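Per-entry structural report
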Amino acid sequence: MKTLFRAPLSLFLATVALVGCAAMAATPTKVSDGVLVGPNGMSLYTFDRDAMGSGKSVCNGPCATNWPPLMASDMDKGDGDYSVITRDDGKKQWAFKGKPLYFWVKDSKPGDRTGDGFNNVWKLARP
């Protein structure tokens, strides 16, 4: 009888582990020194010209070259304060509290925050 329960138990535990991993992947950022950072540890920013909750990014083309979006996969789903928006090129981007998230190309290492206040429209993303 013991072997009869092993297979379902193993399947159950594997499913729980996968669901746990999927839940972890749903939060694309963490907090470091009061600032949201991406999976690479680099600071994240918001753009004042993005209308909160619009589901759009107005930073495209050359802007997105300097301010690379925090990209999401087609399978990523928002949860809580996080949402996924569709960019003009059809690719997906993470947003926090309705504001798309970006990196700054001139930040060279984790902890850099050189884009904060840039042109008075870029700000560090804070929880």
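Residues numbered from 1 in each chain as written. Predicted model: local features only at pLDDT ≥ 70, side-chain atom pairs only at ≥ 80, totals over all residues. Heavy atoms only, no water.

Named according to an unreviewed UniProt entry, the protein chain is ATP-binding protein originating from Hylemonella gracilis.

Quick notes on the environment of Val84
Locating Val84 in the fold gives a position in strand β5 (residues 82-86). The exposure class assigned to Val84 is partly exposed, which follows from its relative accessible area of 26%. When the C-alpha positions of Val84 and Gly55 are compared, they lie 7.9 Å apart, and in sequence the two are 29 residues distant. Ignoring any residue separated from it by four or fewer positions in sequence, one finds Val84 in contact with Ala72, Asp76, Lys77, Gly78, Lys92, Gln93 and Trp94. (Helix = DSSP H or I, 4+ residues; strand = E, 2+ residues; numbered from the N terminus. Buried < 20%, exposed > 50% of the residue type's maximum accessible area, 1.4 Å probe, protein only. Contact = heavy atoms within 4.5 Å.)

A closer look at the packing of aromatic side chains
Taken as a whole and assessed by the stated rule, the structure comprises 9 aromatic pairs. Measuring from centroid to centroid gives 5.4 Å for Tyr45 and Trp67, while their planes differ by 80°, and the two rings are edge-to-face. With Tyr45 in strand β3 (residues 45-47) and Trp67 in the loop between α2 (62-66) and β4 (71-72), the pair connects residues that are 22 residues apart, well separated along the chain. On the numbers, 4.9 Å between centres and 40° between planes, the contact of Trp104 with Phe118 is tilted. Taken together, the residues Trp104 in the loop between β7 (99-100) and β8 (122-124) and Phe118 in the loop between β7 and β8 connect sequence positions 14 residues apart. Take Trp104: its relative accessible area is 7%, and that puts it in the buried class. Phe118 gets classed as partly exposed once you look at its relative accessible area, which sits at 32%. Pairwise contacts between aromatic rings join Tyr45, Phe47, Trp67, Tyr102, Trp104, Phe118 and Trp122 into one cluster. (Phe/Tyr/Trp six-rings, centres within 6.5 Å; stacked < 30°, edge-to-face > 60°.)

Topic: the pattern of salt bridges
Enumeration over the complete set of coordinates arrives at 3 salt bridges. Between Lys123 and Asp48 there is a salt bridge, with the nearest N and O atoms lying 2.6 Å from each other. In this pair, Lys123 is assigned in strand β8 and Asp48 in the loop between β3 and α2, connecting sequence segments 75 residues apart. Look at Asp48 and you get partly exposed, because its relative accessible area is 37%. The shortest N-O distance in the salt bridge between Asp112 and Lys109 comes to 2.9 Å. Note on Asp112: relative accessible area 13%, which makes it buried. (Salt bridge = Lys/Arg side-chain N within 4 Å of Asp/Glu carboxyl O.)

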